[in-house]
Amino acid sequence: MGERSKVYMTDLRCRPGVSLLNKLEKLMRTAGIGEINFERKLVAIKMHFGEPGNLAFLRPNYAKVVADVVKSLGGVPFLTDCNTLYPGRRKNALEHLDAAYENGFSPLSTGCQVIIGDGLRGNDDVEVPVEGAEYIQTAKIGKAIMEADVIISLSHFKGHEQTGFGGAIKNLGMGCGSRRGKMEQHAQGKPMVAPRRCVGCRRCATQCAHGAITFGEDRKASIDWDKCVGCGRCIAVCNTDAIRPGNDAAMEELGCRMAEYAKAVVDGRPQFHISLVIDVSPYCDCHGENDLPIVPDVGMFASFDPVALDQACADACGKQSPIPGSHLDEQMHREGFCDKHDHFINSMPNTDWRVCLAHCEKIGIGTRSYELVEVK
């Protein structure tokens with residue numbers, strides 16, 4: 001067995017006089033963030049500002065703690081994310097900033113600037129070669145993120161309809177990709193419609209930014225693959241499971257491409273990663289709503305290794321009991337349910353997050369082997 005990475009964890013218990021914000025700062029410092037030379041360095045704090053209407057995203061208070069710690073160590077932090085492929089209020093920098101401010105992320109509340117990493121229309125990116133990549137030639141990463149001296153990920157650990165869960169690797173890989181970078185990662189995952197299941201509700205069409213979904217005289221949906229970019233939003237909103245990935249390998253390949261994008265972001269520069277396992281909703285914070293969490297809140301985790309961090313968070317969730325009435329609980333009580341002995345795969349049966357982390361190890365981002373260090 002190779003060397004294990006250290007992952008630091010603190011629970012969410014707060015006795016009088018000690019807040020979660022105090023505990024987050026202690027976690028970061030104990031995990032060794034001070035070992036990084038921040039002096040006069042520009043520091044990208046990569047996070048998700050949440051689609052307006054969603055209330056599961058991380059509160060701005062947590063981002064302020066991270067920014068304040070960076071400033072105390074001599075760094076110049078900024079909060080950042082890149083624009084999205086799908087309809088919503090984060091598909092260009094102006095709307096994205098409005099959404100961030102609406103959800104509480106502003107210089108006044110967080111103590112640092114907010115910069116959209118891939119520019120006004122999502123095409124301000126840098127092509128980054130990825131050593132050892134198998135699926136991409138160059139990753140298209142938001143220019144502002146690549147120009148930073150240090151990268152810190154602050155992730156809300158939750159479920160995801162295409163990658164099983166969203167943690168540090170997704171925050172870095174998919175999140176730091178420009179709009180064309182996101183398209184490249186999703187490109188092989190184009191969905192198809194099972195007409196017998198389609199009821200013609202048209203919810204899928206409202207989520208398609210590219211006009212790929214049309215309806216025939218029978219009110220059944222069809223998808224034009226020439227227009228489809230494979231973002232998967234239609235899959236998530238279909239209540240009848242009429243829309244599914246077009247090929248069985250698509251989800252796995254998405255995970256591998258995402259891993260390669262994450263490597264492009266972190267390779268060759270100082271990095272530190274934080275994940276909060278709270279409000280573990282079944283879907284991404286890109287949704288304009290959030291469902292009941294699938295498991296109870298667990299705690300806050302930090303590491304220099306994003307792969308070990310994701311593994312530790314997934315393992316911690318796996319030890320929890322599903323919340324009654326949640327999406328996971330409903331899935332586990334469906335007729336014909338086959339237990340995969342993993343909450344995230346049981347929640348989204350077409351996914352397998354383990355493929356992504358295995359590919360991360362293969363291309364040399366980090367290791368799934370970790371030592372968990374509890375911080376009181």
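Procedures and definitions
- Residues numbered from 1 in each chain as written.
- Predicted model: local features only at pLDDT ≥ 70, side-chain atom pairs only at ≥ 80, totals over all residues.
- Heavy atoms only, no water.
- Helix = DSSP H or I, 4+ residues; strand = E, 2+ residues; numbered from the N terminus.
- Rg over C-alpha atoms; globule rule 2.2 N^0.38 Å.
- Buried < 20%, exposed > 50% of the residue type's maximum accessible area, 1.4 Å probe, protein only.
- Contact = heavy atoms within 4.5 Å.
- Areas by Shrake-Rupley, 256 points an atom, 1.4 Å probe, with all protein chains shown as cover.
- Lys, Arg positive; Asp, Glu negative; His and termini not counted.
- Charge placed at Lys NZ, Arg CZ, Asp CG, Glu CD.
- Axes fitted to C-alpha atoms, helices over the stretch in contact; angles between N-to-C directions.
- Parallel < 35°, antiparallel > 145°, perpendicular 65-115°, else oblique.
- Left-handed = near helix turned anticlockwise from the far one by under 90°.
- Pairing = 2+ DSSP bridges.
- Salt bridge = Lys/Arg side-chain N within 4 Å of Asp/Glu carboxyl O.
- Phe/Tyr/Trp six-rings, centres within 6.5 Å; stacked < 30°, edge-to-face > 60°.
- Lys NZ or Arg CZ within 6 Å of the ring centre and 35° of its normal.
- Core = buried A, V, L, I, M, F, W, Y, C linked by side-chain atoms within 4.5 Å.
- Polar contact = N/O pair within 3.5 Å; in protein donor to acceptor, adjacent residues only side chain to side chain.

A. Up close: the overall build of the protein chain. Across its full length, the protein chain carries 14 helices and 16 strands. Computed over the C-alpha atoms, the radius of gyration of the protein chain is 20 Å, within 12% of the 21 Å expected from 2.2 N^0.38 for a compact globule of 376 residues. Evaluated residue by residue, the protein chain yields a buried proportion of 57% over its 376 residues. A separation threshold of at least 6 residues defines the contact pool for the protein chain, and within that pool the share at least 24 residues apart is 76%. Entry remark: accessible area of the protein chain is about 15900 Å², with carbon and sulfur atoms responsible for 49%. Placing the 44 positive and 48 negative side-chain charges of the protein chain at their respective mean positions leaves the two points 2 Å apart.

B. Structural view of the packing of helix 10 (residues 250–266) against helix 14 (residues 353–363). Packing of helix 10 against helix 14 brings their axes to within 8 Å, and their N-to-C directions diverge by 40°. Overall, the two elements helix 10 and helix 14 adopt an arrangement that is oblique. Where helix 10 crosses over helix 14, the two elements pack in a sense that is right-handed. In this structure, helix 10 uses E252, G255, C256, M258, A259, E260 and K263 to contact helix 14, whose residues at the interface are V355, C356, H359, C360 and I363.

C. Structural view of the sheet that holds strand 4 (residues 113–116). The sheet built from 8 strands is open, its strands ordered 4-3-2-7-14-15-1-16 with mixed pairing. Unpaired on one side and paired on the other, strand 4 and strand 16 (370–374) mark the two borders of the sheet. Strand-to-strand, the axes of this sheet are offset by a mean angle of 25°, without reference to chain direction. As paired elements, strand 3 (residues 76–81) and strand 4 share 4 bridges and run parallel to each other. Bridge pairing in strand 4 places L79 opposite V114. Contacts from helix 1 (residues 20–30) reach strand 1 (5–10), strand 14 (271–277) and strand 15 (299–303) within the one sheet, and its direction differs from that of strand 15 by about 25°.

D. Just the pattern of salt bridges, in detail. The tally for this structure, following the rule as stated, stands at 18 salt bridges. Measuring nitrogen to oxygen at the nearest pair gives 3.0 Å for the salt bridge that ties E127 to R180. Of this pair, E127 sits in strand 5 (residues 125–129) while R180 sits in helix 7 (residues 179–186), placing them 53 residues apart in sequence. On the basis of relative accessibility, which here comes to 39%, the residue R180 falls in the partly exposed class. A single salt-bridge network, built from bridges that share partners, covers K46, E51, D81 and R90.

E. Structural detail: the side chain of H156. In this fold, H156 is placed in strand 7 (residues 150–156). Among the residues examined, H156 registers a relative accessible area of 4% and is labelled buried. Other than its neighbours up to four places away in sequence, H156 contacts A56, F57, L58, G166, L276, I278, D279, V280, S281 and D285.

F. Local environment of the packing of aromatic side chains. This structure, assessed with the given rule, holds 7 aromatic pairs. Taking 5.4 Å as the distance between ring centres and 65° as the angle between the ring planes, the aromatic pair formed by F165 and F344 counts as edge-to-face. Placement of F165 in strand 9 (residues 164–166) and of F344 in helix 13 (residues 343–347) is noted, with a sequence separation of 179 residues between them. Take F165 and F344: they sit in the same class, and that class is buried. Consider the rings of F272 and F304, whose centres lie 5.2 Å apart with planes at 80°: the pair is edge-to-face. Note that F272 is positioned in strand 14 and F304 in the loop between strand 15 and helix 11 (306–318), a separation of 32 residues in sequence. Exposure remark for F304: the relative accessible area of 32% places this residue in the partly exposed category. Through successive ring pairs, a cluster of aromatic residues spans F157, F165, F344 and W353. In this structure, R202 packs its charged tip against the face of F215, placed 4.2 Å from the ring centre.

G. Up close: the environment of A148. With respect to the helices and strands, the residue A148 is situated in the loop between helix 5 (143–147) and strand 7. C-alpha of A148 to C-alpha of E25: the two residues are 123 residues apart in sequence and 22 Å apart in space. For A148, the contacting residues outside a window of four places in its chain are L42, A44, F78 and R269.

H. The arrangement of the nonpolar core in detail. Within the largest apolar cluster, 52 residues are counted, with the highest numbers of intra-cluster contacts made by I141, F157, I169, V265, V277, F301 and F344. Apart from residues no more than four positions distant in its own chain, V265 is found in contact with I141, I145, M146, I151, L172 and C176. I33, I36, V114 and I116 belong to the second-largest nonpolar core, a separate cluster that totals 39 residues.

I. Seen up close, the environment of E127. Here E127 falls in the partly exposed class, since its relative accessible area comes to 43%. Between the C-alpha atom of E127 and that of M47, which follows or precedes it by 80 residues, the distance is 21 Å. Contact partners of E127, with chain neighbours within four places excluded, come to T138, A139, K140 and R180. A polar side-chain atom of E127 sits 2.9 Å from a polar atom in the side chain of T138. One polar contact links E127 to R180, side chain to side chain, over a distance of 3.0 Å.

J. Representation of unusual backbone geometry in the model. Positive phi outside glycine occurs at D241, with the angle close to 60°. Structurally, D241 can be placed in the loop between helix 9 (233–237) and strand 13 (243–245). Judged by its relative accessible area of 26%, D241 falls in the partly exposed class. With a phi angle near 60°, H341 is a residue other than glycine that sits in the positive phi range. In this structure, H341 sits in the loop between helix 12 (327–332) and helix 13.

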